[in-house]
Amino acid sequence: MMFRDVEQYVLQNKEKIVSLLTEYVLTDTILFWSDEKDLNFLQQEKWQPIIDFVNKEIGINLQKTYKITPPSENNLYQEAFKIYIRTLYLKELTALYLGATELKSVLLSIAFVKKKISATEAFNLSFLEEFFQNKSWGTDKEAENKKEQIKETILKIEEYLQENG
């Protein structure tokens, strides 16, 4: 992956990317919870600290939901979220954009970019529900291959973030 090319793209399209990430956060994977007891316990243990971290980091109060529609109160935080994203250094914004795209989670990507969690943790948290379901239903080879590619990409993003500080 050519991170310098992506940096250029991010630089040239910053407002578009800020808007995209702001919209994306409303449907963030880790804001949609299961009412299945064992999975919900895992979500509470693993996802809630990430939500709490991001809320504190940005000064917002994103809400999780058990429904298929995003909580409407999360719309109130879009402007604060945009302001926060605009404060990121180019390298952080590039990593956030790439990470969110791979992980389907802006929140996990923020925690990852801000070094609250590692690339491997971000990957595992992104697929928490799927890994949980796999224990009951088994795995699909094609899905496993796709996940492995995502994990490799996330690890490369982590290396990129660590370059030159």
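Read on for a plain summary of the structure.

## Thoughts on the overall build of the protein
- Of the regular secondary structure elements, the protein holds ten helices and zero strands.
- Overall, the protein shows an N-to-C arrangement of helices and strands of α-α-α-α-α-α-α-α-α-α.
- At 16 Å, the protein has a C-alpha radius of gyration in line with the 15 Å of a compact globule built from 165 residues.
- Projecting the C-alpha coordinates of the protein onto the three principal axes gives extents of approximately 45 × 35 × 25 Å.
- Counting all 165 residues of the protein, 45% fall into the buried class.
- Contacts in the protein between residues at least 24 apart in sequence constitute 67% of all its contacts with a sequence separation of at least 6.
- Split by element, the accessible area of the protein, about 9,200 Å² in all, is 52% carbon and sulfur.
- Of the side chains in the protein, 21 bear a positive and 26 a negative charge, and the two mean positions are spaced by 3 Å.

## Structural notes on the environment of Gln12
- Along the chain, the position of Gln12 falls in helix α1 (residues 3-12).
- The exposed category is assigned to Gln12, whose relative accessible area is 61%.
- Taking the C-alpha atoms as reference, Gln12 lies 18 Å from Thr101; in sequence the two are 89 residues apart.

## Looking at the pattern of salt bridges
- Applying the stated criterion to the full structure yields six salt bridges.
- Note that Arg86 is salt-bridged to Glu15, the shortest N-O span being 2.9 Å. Placement of Arg86 in helix α5 (residues 78-86) and of Glu15 in helix α2 (residues 14-26) is noted, with a sequence separation of 71 residues between them.
- Judged by relative accessible area, which is 31%, Arg86 ranks as partly exposed.
- Given the relative accessible area of 40%, Glu15 is considered partly exposed.
- Among the ionic contacts, a cluster of salt bridges with common partners joins Arg4, Glu7 and Glu163.

## Quick notes on α1
- Among all positions in α1, only Phe3, Val6, Glu7 and Val10 are buried. Taken end-on, α1 shows its buried residues confined to a sector of 105°, consistent with a single buried face. Exposed and facing more than 90 degrees away from the buried side of α1 are Asp5 and Gln12.
- For α1, the secondary structure elements touched by its buried residues are α2, α6 (90-103) and α10 (141-162).

## Remarks on unusual backbone geometry
- Positive phi values are uncommon outside glycine, yet Lys104 reaches one of about 60°.
- Relative to the elements of secondary structure, Lys104 occurs in the loop between α6 and α7 (106-113).
- With a relative accessible area of 46%, Lys104 lands in the partly exposed category.
- Unlike most non-glycine residues, Lys115 shows phi in positive territory, near 65°.

## Looking at the side chain of Thr22
- Tracing the chain through its elements places Thr22 in helix α2.
- Beyond its immediate stretch of four places on either side in the chain, Thr22 contacts Gln78, Phe81, Lys82 and Ile85.

The rules behind these values
Residues numbered from 1 in each chain as written. Predicted model: local features only at pLDDT ≥ 70, side-chain atom pairs only at ≥ 80, totals over all residues. Heavy atoms only, no water. Helix = DSSP H or I, 4+ residues; strand = E, 2+ residues; numbered from the N terminus. Rg over C-alpha atoms; globule rule 2.2 N^0.38 Å. Buried < 20%, exposed > 50% of the residue type's maximum accessible area, 1.4 Å probe, protein only. Contact = heavy atoms within 4.5 Å. Areas by Shrake-Rupley, 256 points an atom, 1.4 Å probe, with all protein chains shown as cover. Lys, Arg positive; Asp, Glu negative; His and termini not counted. Charge placed at Lys NZ, Arg CZ, Asp CG, Glu CD. Salt bridge = Lys/Arg side-chain N within 4 Å of Asp/Glu carboxyl O. Arc of directions from axis to C-beta.

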